[in-house]
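# Coordinate analysis (summary)
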Amino acid sequence: MPLASEPVRDIASMYHRKDGQVLIEIKLTTVIQLFNSFDPAPFYEKEIDTEAEHYIVDTVRDFPAKTKFKIHIYLPPALVLSEEAQKIIPAIHNHFQYKMLVADRKFRARFRFGRITLAIGLSFLAVALVSRQLVATMANHFLAELLSDSLLIIGWAAMWEPITVLLYELWPILRTKKIYEKISTMEIDILPMPG
């Protein structure tokens, strides 16, 4: 926790900038360090390491949506021009294009689920409200009143899931998809490790 006399730094001050772009800087000692070693895909299609992915995604998420970024991958000078190093750029782009497609599929599946649960919830609510009206016409009895109020509560409770899905669950998925899309087209430079 900063002392009272220390100024609080904002997140943007923790990153270097170049030509108006925030730099996402990754320092590697080997090219393979960037990739998931358990992924059997060809080298240029490999899944990048989970920690590297989280670092890139979290950096983009920390800034406003219109912020421009550039990725700098630093390697030992002897590796910068190697064939493996030149495959880093398409590998990162492929990885995040795939993640974007997965997020898009998840969004469409949740949206479809939300529409189905909305139709079911509205149907159930209509049945509950009609039943409530029928129960309310019965003798003014405590049990009839209890059943009537219960039907009202149950009817509205049936709307909980569609409201949750359609109003709250879809937007984080859409935001994540946009982040993946942004990273999948981001400019990437392979540079020698600064000495």
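See above for the structure.
Description of the structure in this document. Worth saying up front: this structure is predicted, and the values here are computed from it rather than measured.

### Considerations on the sheet that holds strand β2 (residues 21-27)
The 4 strands are arranged β1-β2-β3-β4 in an open sheet whose pairing can be described as mixed. Edge strands, defined here as strands with exactly one partner in the open sheet, are β1 (17-18) and β4 (187-192). The sheet strands contacting helix α1 (residues 50-61) are β2 and β3 (69-75), and the helix crosses β2 at an angle near 160 degrees.

### Comments concerning the pattern of salt bridges
Scanning the model with the defined rule gives 10 salt bridges in all. Note that K87 and E83 form a salt bridge whose closest N and O atoms lie 3.4 Å from each other. The partly exposed category is assigned to K87, whose relative accessible area is 26%. According to the relative accessible area criterion, E83 is exposed, its value standing at 56%. Two residues, D104 and K177, come together in a salt bridge whose shortest N-O distance is 3.1 Å. With D104 in helix α3 (residues 88-136) and K177 in helix α5 (residues 160-184), this residue pair connects regions lying 73 residues apart in the sequence.

### A few points about the packing of α1 against α3
For any two helices packed against each other, the geometry is given by the interaxial angle and the distance between the axes. With their axes 12 Å apart at the nearest point, α1 and α3 run at an angle of 70 degrees to one another. One element, α1, and the other, α3, form an angle in the roughly perpendicular class. Contacts between α1 and α3 involve E53, I56 and V57 on the former and, on the latter, H95, F96 and K99. Here the residues of the contact of α1 with α3 are counted per class, giving 3 nonpolar, 1 polar and 2 charged.

### Looking at the packing of aromatic side chains
Per the stated rule, a full pass over the model turns up 4 aromatic pairs. On the numbers, 5.5 Å between centres and 80 degrees between planes, the contact of F63 with F69 is edge-to-face. Just as F63 is buried, F69 falls in that class too. Each member of the aromatic cluster is reached from another via a ring pair, and the members are Y15, F63 and F69.

### Describing α1
Taking 1.5 Å as the rise per residue, α1 with 12 residues should run 16 Å; its terminal C-alpha atoms sit 16 Å apart, in good agreement. For α1, the complete set of buried residues consists of A52, E53, I56, V57, T59 and V60. Buried residues of α1, viewed axially, fall in a sector of 160 degrees; they line one side. Where the residues of α1 are buried, they touch β2, β3, α3 and α5. Measuring from the side-chain oxygen of the N-cap residue of α1 to the backbone nitrogen of E51 gives 3.1 Å; that N-cap residue is D49.

### Quick look at the pairing of β3
Burial of β3 is extensive: 7 of the 7 residues sit out of reach of the surface. Alternating residues of β3 divide into F69, I71, I73 and L75 and K70, H72 and Y74, and every residue in both groups is buried. Examined bridge by bridge, β2 and β3 share 6 bridges and lie parallel to one another. Across the sheet, residue L23 finds its bridge partner in β3, namely K70. The pairing of β3 with β4 spans 6 bridges and is parallel. Its bridge partner lying in β4, L75 is registered against P192.

### Some words on a nonpolar patch on the surface
A contiguous nonpolar surface patch, about 350 Å² in accessible area, is contributed by F142, L143 and L146. Relative to the elements of secondary structure, L143 occurs in helix α4 (residues 142-157).

### Here we look at unusual backbone geometry
Positive phi values are uncommon outside glycine, yet D19 reaches one of about 50 degrees. Its location among the elements puts D19 in the loop between β1 and β2. A relative accessible area of 67% means that D19 is categorised as exposed.

Each value, and the rule that gives it
Residues numbered from 1 in each chain as written. Predicted model: local features only at pLDDT ≥ 70, side-chain atom pairs only at ≥ 80, totals over all residues. Heavy atoms only, no water. Pairing = 2+ DSSP bridges. Helix = DSSP H or I, 4+ residues; strand = E, 2+ residues; numbered from the N terminus. Contact = heavy atoms within 4.5 Å. Axes fitted to C-alpha atoms, helices over the stretch in contact; angles between N-to-C directions. Salt bridge = Lys/Arg side-chain N within 4 Å of Asp/Glu carboxyl O. Buried < 20%, exposed > 50% of the residue type's maximum accessible area, 1.4 Å probe, protein only. Parallel < 35°, antiparallel > 145°, perpendicular 65-115°, else oblique. Nonpolar A, V, L, I, M, F, W, Y, C, P; charged D, E, K, R; others polar. Phe/Tyr/Trp six-rings, centres within 6.5 Å; stacked < 30°, edge-to-face > 60°. Expected span 1.5 Å × (residues − 1). Arc of directions from axis to C-beta. Polar contact = N/O pair within 3.5 Å; in protein donor to acceptor, adjacent residues only side chain to side chain. Patch = residues over 30% accessible without salt bridge, like charges linked within 9 Å, V, L, I, M, F, W, Y side chains within 5 Å. Areas by Shrake-Rupley, 256 points an atom, 1.4 Å probe, with all protein chains shown as cover.

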